Amino acid sequence: MQRFSKQFLRNNLLGLSLAVIGVVCMALTSAVYFGQRTSPNFILAVGEAVDGPGINRLQELNEAYEQIANAVLPAVVNIRTTQVVHARQSPFFANPMWRQFFGNDPGLAVPQEQREHALGTGVILSPDGYIVTNDHVVFWGKAKDIEVMLSDKRTFKAKIVGSDRSSDLAVLKIDASNLPVGRWGNSSDLRVGDTVMAFGNPFGLNFTVTRGAVSALGRSGLVQDNFDNYIQTDAAINPGNSGGPLVNIKGQVVGINAMIVPSSGQSGEAGFLGIGFAIPSNTVRHVMEDLVKTGKVSRGYLGAFIQSLSPGLAKEFDVPDTSGALVQNVTPDGPAAKAGLQNGDVIRKFNGQDVTGAGSLTSQVTETNPGTAVTLDVLRNGKPASVKVTLGERPANEGTASGESNETSGGVLGGISVQNLTPALRNQLGVAENVTGVAVSQVDPDSPAAAYLQQGDVIESINRQPVRNVADFNRLAGSAKGQVLLRVNRQGVGMFLVISSGDGQ
């Protein structure tokens with residue numbers, strides 16, 4: 001047994017020695033191999049860069065983009081907002097047994113306070129702390145708590161100076177001075193293909209810069225909004241970019257990032273797909289100046305319902321192309337009627353600027369101060385004519401020149417935004433040709449009608465009075481008091497709804 005142990009030990013010592021020798025050899029081999037890989041010559045080979053005149057030009061281009069970013073970023077801010085909402089929740093609803101007996105009866109509900117949070121971007125446009133952002137970032141002017149963080153990480157509490165739902169813009173103010181500011185650019189100078197850069201805080205990733213091109217100009221009809229004339233860009237815009245600046249190659253603010261179109265095809269904020277939209281700086285400047293001076297926006301008023309031209313309409317009205325805006329109806333006693341504008345006129349220029357479509361003319365009119373005398377170049381029966389119009393001030397409940405409506409300001413039907421029915425909208429909503437009315441584009445959640453109406457409803461009548469267009473709705477909604485009877489078409493099915501002022505939260 002002892003001899004066996006000695007033999008076993010000798011054999012294992014021999015094996016162990018061979019193993020140690022093997023490990024040492026591998027270590028020496030590895031040292032030689034990795035020593036070669038980390039030799040100065042190898043590092044020098046990896047560090048060599050492609051060079052040449054073309055590369056140098058690209059380097060200069062990179063440095064130019066860096067210069068733009070460094071100039072703009074100090075004026076970009078991160079905005080965090082909080083809104084307090086009142087939800088109704090019955091104390092019985094948490095128990096399935098009680099729901100069997102009572103159902104989801106809103107009469108049993110009791111108000112409960114909830115907090116909603118949003119993240120967005122803004123740009124400082126005055127050294128004393130005026131900031132512009134999207135109205136939806138501040139919950140359509142209803143945010144209760146707004147915190148602004150500057151690029152140097154300083155934070156301030158902000159107050160809302162004014163907000164404008166029709167343009168989705170709001171102006172904030174922080175108590176600070178000598179702040180870096182963004183420089184205004186002229187959005188009318190933009191051309192398709194121009195390089196632009198978008199700044200913002202996408203997904204909470206603070207102070208992000210993306211680059212792209214102007215994909216299109218004058219985009220309208222994207223949302224149920226009254227004054228939309230968006231810049232389309234493929235510069236990446238994502239949730240959190242809302243309210244941030246879109247700048248040109250001179251570092252000037254030419255737009256305010258507003259939204260994207262997600263894969264569903266519906267407007268809103270989801271993920272980047274190469275299609276983003278910004279509000280033109282000329283619109284932003286007009287709205288901001290009015291909000292700072294008076295707290296409200298004064299817009300020019302033409303007094304005509306218009307539409308864009310299709311190839312068929314252009315042929316019928318003897319117009320050489322589809323540029324321009326066709327006058328559908330002139331409002332009696334309005335500025336256009338007094339100036340002699342006629343139904344069937346095609347407006348091709350507004351004060352010397354080209355009119356590309358209904359959205360283009362709407363922006364040109366609304367960005368002009370009331371009382372301004374303007375010249376319209378029109379084609380009338382195919383022949384050129386000139387019409388001089390002194391713009392009025394758009395009434396509070398008046399729609400855009402193309403016939404869409406502002407949100408009603410108050411009363412039982414306050415907080416409802418509507419628009420005229422178009423063939424495309426009829427098809428989308430499943431509304432028959434014989435149905436007349438206006439389509440509900442938005443309902444304020446705090447309005448009396450919020451529990452009854454929804455987007456896509458078609459209001460056919462108010463208190464048994466027919467609603468044929470936006471003007472009818474504005475007139476009847478403005479005079480509606482107490483309890484209101486509505487005839488509504490929802491997804492092709494007609495129904496009656498009764499709304500009273502006591503139904504709101």
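All figures in this text were calculated on a predicted structure; none of them were measured in a lab. Here the residue numbers are simple positions, counted from 1 along each chain's written sequence. In view of the model being predicted, local features appear only for residues whose pLDDT reaches at least 70, and side-chain atom pairs are presented and counted only at 80 or more, with totals across whole chains, interfaces and linings using the full set of residues. Side-chain metrics in this entry use all non-hydrogen atoms of the structure; hydrogen atoms and water are not considered.

## Notes on the overall build of the protein
Across its full length, the protein carries ten helices and 27 strands. The buried share of the protein, reckoned over its 505 residues, is 45%. Split by element, the accessible area of the protein, about 25800 Å² in all, is 52% carbon and sulfur. We count a stretch as a helix when DSSP gives it H or I for four or more residues in a row; a strand needs E for two or more, and each element gets its number in order from the N terminus. Only protein chains enter the calculation, and the probe is 1.4 Å; a residue is then buried if its accessible area is under 20% of its type maximum, exposed if over 50%, and partly exposed in between. Areas reported here follow the Shrake-Rupley algorithm with a probe of radius 1.4 Å; residue values treat only the protein chains shown as occluding.

## Observations regarding the side chain of aspartate 168
Relative to the assigned elements, aspartate 168 resides in the loop between β5 (155–164) and β6 (169–174). Setting aside residues up to four positions removed in sequence, aspartate 168 forms contacts with Thr133, Asn134, Asp135, His136, Trp140 and Ile279. The criterion used for residue contact is that any of the two residues' heavy atoms lie within 4.5 Å.

## Thoughts on the confidence of the model for the protein
Every residue carries a pLDDT, the predictor's confidence in it, which falls somewhere between 0 and 100. Residues of the protein with pLDDT of at least 70 account for 77%, and the chain-wide mean is 81. Put simply, helix α4 (residues 96–102) is where the protein has its lowest mean pLDDT, 44, and strand β3 (residues 130–133) is where it has its highest, 98. The model gives residues 90–95 a pLDDT under 50, and that stretch makes twelve contacts with residues more than four places away or in other chains.

## Quick notes on helix α10 (residues 470–479)
Where α10 is concerned, the buried positions are Val470, Asp472, Phe473, Asn474, Leu476 and Ala477. Against the buried residues of α10 lie β22 (416–420), β23 (438–443), β24 (458–462) and β25 (465–466). At the N-terminal end of α10, a side-chain oxygen is found 2.9 Å from the backbone nitrogen of aspartate 472, two or three residues along, and the residue is asparagine 469. Whenever a nitrogen or oxygen atom comes within 3.5 Å of another N or O atom, the pair is scored as a polar contact, on the condition that within protein one atom can donate a hydrogen and the other can accept it, and that pairs from neighbouring residues in sequence are kept only if both atoms are in side chains.

## Quick notes on the packing of aromatic side chains
Any two rings among Phe, Tyr and Trp, with Trp reduced to its six-membered ring, count as a pair given centres within 6.5 Å; such a pair is stacked if its planes are under 30 degrees apart, edge-to-face if over 60, and tilted if neither. Evaluation of the coordinates by the stated rule reveals one aromatic pair. The ring of tryptophan 140 carries arginine 165 above its face, with NZ or CZ at 4.7 Å from the centroid. Charge-over-ring contacts are defined here by two conditions on Lys NZ or Arg CZ: a distance within 6 Å of the ring centre and an angle within 35 degrees of the ring normal. Lying across the ring of phenylalanine 496, arginine 487 places its NZ or CZ 4.8 Å from the centre.

## Focus: unusual backbone geometry
Look at aspartate 318: it is not a glycine, yet its phi comes out positive at around 60°. Residue placement: aspartate 318 occurs in the loop between α6 (311–316) and β16 (325–330). The phi angle at asparagine 463 is positive, at roughly 50°, despite the residue not being glycine. By the element assignment, asparagine 463 lies in the loop between β24 and β25. Overall, the relative accessible area of 35% leaves asparagine 463 in the partly exposed class.

## Comments concerning the environment of isoleucine 499
In this structure, isoleucine 499 sits in strand β27 (residues 493–500). The buried category is assigned to isoleucine 499, whose relative accessible area is 0%. Spatially, the C-alpha atom of isoleucine 499 lies 6.4 Å from that of alanine 449, the residues being 50 residues apart in sequence. Excluding residues that lie within four positions of it along the chain, isoleucine 499 makes contacts with Val412, Leu413, Pro448, Ala449, Tyr452, Gly482, Gln483, Val484 and Leu486.

## Topic: the pattern of salt bridges
A side chain of one charge can pair with a side chain of the opposite charge when the charged atoms of the two come close. The term salt bridge refers to a pairing of a side-chain nitrogen on Lys or Arg with a carboxyl oxygen on Asp or Glu at a separation within 4 Å. Applying the stated criterion to the full structure yields eleven salt bridges. Taking the shortest distance from any N to any O, the salt bridge between glutamate 289 and arginine 285 comes out at 3.4 Å. Placement of the pair is glutamate 289 and arginine 285 together in helix α5 (residues 281–294), with a separation of four residues, close to one helical turn. Classification of glutamate 289 by relative accessible area gives partly exposed; the value is 39%. Taking the shortest distance from any N to any O, the salt bridge between arginine 487 and glutamate 460 comes out at 3.9 Å. Residue arginine 487 is found in strand β26 (residues 483–490), and its partner glutamate 460 is found in strand β24; the two are separated by 27 residues along the sequence. Of the residues examined, arginine 487 reaches a relative accessible area of 27% and is grouped as partly exposed.

## As for the nonpolar core
By nonpolar core we mean a set of buried residues, namely Ala, Val, Leu, Ile, Met, Phe, Trp, Tyr and Cys, connected to one another through side-chain atoms within 4.5 Å. Of all hydrophobic cores here, the largest spans 29 residues; its most connected members are Val132, Leu169, Met197, Phe199, Val247 and Ile256. Elements supplying a minimum of two residues to this core: α3 (53–72), β6, β8 (195–200), β12 (252–260), β13 (276–280) and α5. When residues no more than four places from it in sequence are discounted, the contact partners of methionine 197 are Tyr65, Ile68, Ala69, Val209, Thr210, Arg211, Pro245, Leu246 and Val247. Membership of the second largest hydrophobic core comes to 22 residues, among which are Ile416, Val438, Val467 and Val470.

## Some points on a nonpolar patch on the surface
Taken together, Val50, Ile55, Leu58 and Leu61 make up a surface patch of nonpolar side chains, about 370 Å² in accessible area. Along the chain, the position of leucine 58 falls in helix α3. Residues enter patches when they are more than 30% accessible in relative terms and free of salt bridges; like-charged ones are connected within 9 Å and nonpolar ones (Val, Leu, Ile, Met, Phe, Trp, Tyr) within 5 Å.

## Things to note about the side chain of serine 461
Structurally, serine 461 can be placed in strand β24. Dropping the residues within four chain positions of it, serine 461 is found in contact with Pro466, Val467, Leu485, Leu486 and Arg487.

## Remarks on the pairing of strand β17 (residues 346–350)
Note on pairing: DSSP must find at least two bridges between two strands before they are called paired. Pairing of β16 with β17, which is carried by two bridges, proceeds in the antiparallel orientation. Bridge pairing in β17 links leucine 326 to valine 346. Sheet analysis places β17 next to strand β19 (residues 373–380), joined by four bridges and oriented antiparallel. Paired with lysine 349 across the strands is aspartate 377, a residue of β19. Pairing between β17 and strand β18 (residues 353–354): two bridges, direction antiparallel.

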